[in-house]
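Secondary and tertiary structure notes
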Amino acid sequence: SQTIHQWPATLVQPVGSPLSLECTVEGTSNPNLYWYRQAAGRGLQLLFYSVGIGQISSEVPQNLSASRPQDRQFILSSKKLLLSDSGFYLCAWSVGGRHGYTFGSGTRLTVV
Amino acid sequence: SQQGEEDPQALSIQEGENATMNCSYKTSINNLQWYRQNSGRGLVHLILIRSNEREKHSGRLRVTLDTSKKSSSLLITASRAADTASYFCATDVDNQGGKLIFGQGTELSVKP
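Rules used in this analysis
Residues numbered from 1 in each chain as written. Chains lettered and ligands numbered in written order. Predicted model: local features only at pLDDT ≥ 70, side-chain atom pairs only at ≥ 80, totals over all residues. Heavy atoms only, no water. Salt bridge = Lys/Arg side-chain N within 4 Å of Asp/Glu carboxyl O. Helix = DSSP H or I, 4+ residues; strand = E, 2+ residues; numbered from the N terminus. Buried < 20%, exposed > 50% of the residue type's maximum accessible area, 1.4 Å probe, protein only. Core = buried A, V, L, I, M, F, W, Y, C linked by side-chain atoms within 4.5 Å. Contact = heavy atoms within 4.5 Å. Pairing = 2+ DSSP bridges. Axes fitted to C-alpha atoms, helices over the stretch in contact; angles between N-to-C directions. Phe/Tyr/Trp six-rings, centres within 6.5 Å; stacked < 30°, edge-to-face > 60°.

1. Here's the deal with the pattern of salt bridges
- Per the stated rule, a full pass over the model turns up six salt bridges over all chains.
- Measuring nitrogen to oxygen at the nearest pair gives 3.9 Å for the salt bridge that ties D85 of chain A to R37 of chain A. Separated by 48 residues along the polypeptide, D85 of chain A in the loop between β8 (73–78) and β9 (87–94) and R37 of chain A in strand β4 (residues 32–38) bring together distant segments of the chain.
- For D85 of chain A, a relative accessible area of 3% puts it in the buried group.
- The salt bridge partner of K56 of chain B is E53 of chain B, with a shortest N-O separation of 3.9 Å.
- Exposure remark for K56 of chain B: the relative accessible area of 26% places this residue in the partly exposed category.
- Accessibility expressed as a relative area gives 23% for E53 of chain B, which makes it partly exposed.

2. Looking at the nonpolar core
- Ranked by internal contacts, the top residues of the largest apolar core, which has 21 residues, are M21, L32, W34, L74, I76, Y87 and L108 of chain B.
- Contacts of L74 of chain B, omitting those with residues within four sequence positions, involve A19, T20, M21, W34, L46, L61, R62, V63 and Y87 of chain B.
- Among the nonpolar cores identified, the runner-up in size contains 20 residues, and I4, W35, A66 and C91 of chain A belong to it.

3. Observations regarding the sheet that holds strand β3 (residues 19–24) of chain B
Residue and element names in this part refer to chain B.
- Taken together, five strands build an open sheet; the order of strands is β1-β3-β8-β7-β6 and the sheet is antiparallel. Either end of the sheet is taken by a strand with one partner, and the two such strands are β1 (5–7) and β6 (55–58). Strand-to-strand twist in this sheet, taken as the mean axis angle between neighbours without regard to direction, amounts to 20°.
- The pairing of β6 with strand β7 (residues 61–66) spans four bridges and is classified as antiparallel. Its bridge partner being in β7, E55 is matched across the sheet by T64.

4. A few points about the packing of aromatic side chains
- For the structure shown, the criterion picks out eleven aromatic pairs over all chains.
- For the pair Y36 of chain A and Y101 of chain A, a centre-to-centre distance of 6.3 Å together with 55° between the ring planes defines the contact as tilted. Of the two residues, Y36 of chain A is situated in strand β4 and Y101 of chain A in the loop between β9 and β10 (102–103); the sequence distance between them amounts to 65 residues. Just as Y36 of chain A is buried, Y101 of chain A falls in that class too.
- Ring centres 5.9 Å apart and planes at 75° place the aromatic pair F103 of chain A and F102 of chain B in the edge-to-face group. Separated into two different chains, F103 of chain A in strand β10 and F102 of chain B in strand β10 (residues 100–102) make up a pair that spans both. Per residue, the accessibility class of F103 of chain A equals that of F102 of chain B, and both read buried.
- Put simply, the rings of Y34, Y36, Y49, Y101 and F103 of chain A together with Y35 and F102 of chain B pair up and form one aromatic cluster.

Right, here's the structure in full:
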């Protein structure tokens, strides 16, 4: 069966520290992968998406970067976190545009 | 950029009543999807309606799509307390490679 793993569930990091959030998918090949951020009480903002290994498209210029070192692994990183990076980060995958996304359980990041 | 906008932002009803949520969007789409999010969790895909479809049913859910008005509605019939969650519409915008653009969501509260 197809599953998506996202960790950690919660993270508290000081300003200026690095960040690495990992997302892995099981049970499918060559998925489209996405990173979204959700501010409190708001909708989801698309940050990055990837249609293949090493292919990353950035939607919003910011303090974050993404990488896809393997087909089913998507990593969200930052070299130096800002207070404004706090939020709920969600990873998702899809296959083509005819089916819905499958989301991970999310990471609650608080930058202090 | 924001594509979908849900209306109302918040909705409170009694168990057994029907809940209707609306979504408007701005550009042509391949399909429109509805998702549910319980507090602090990832999103769960509910239903997808293609641009050439006008109505779709899934259990107690009924979705309509009016491409001439660029709007969609989600109806939950005979609501239950367990339906309490935030509901988001998302559009698969034409020629955008399957990326989903989410609205701000409707927060539904079903009181027992």
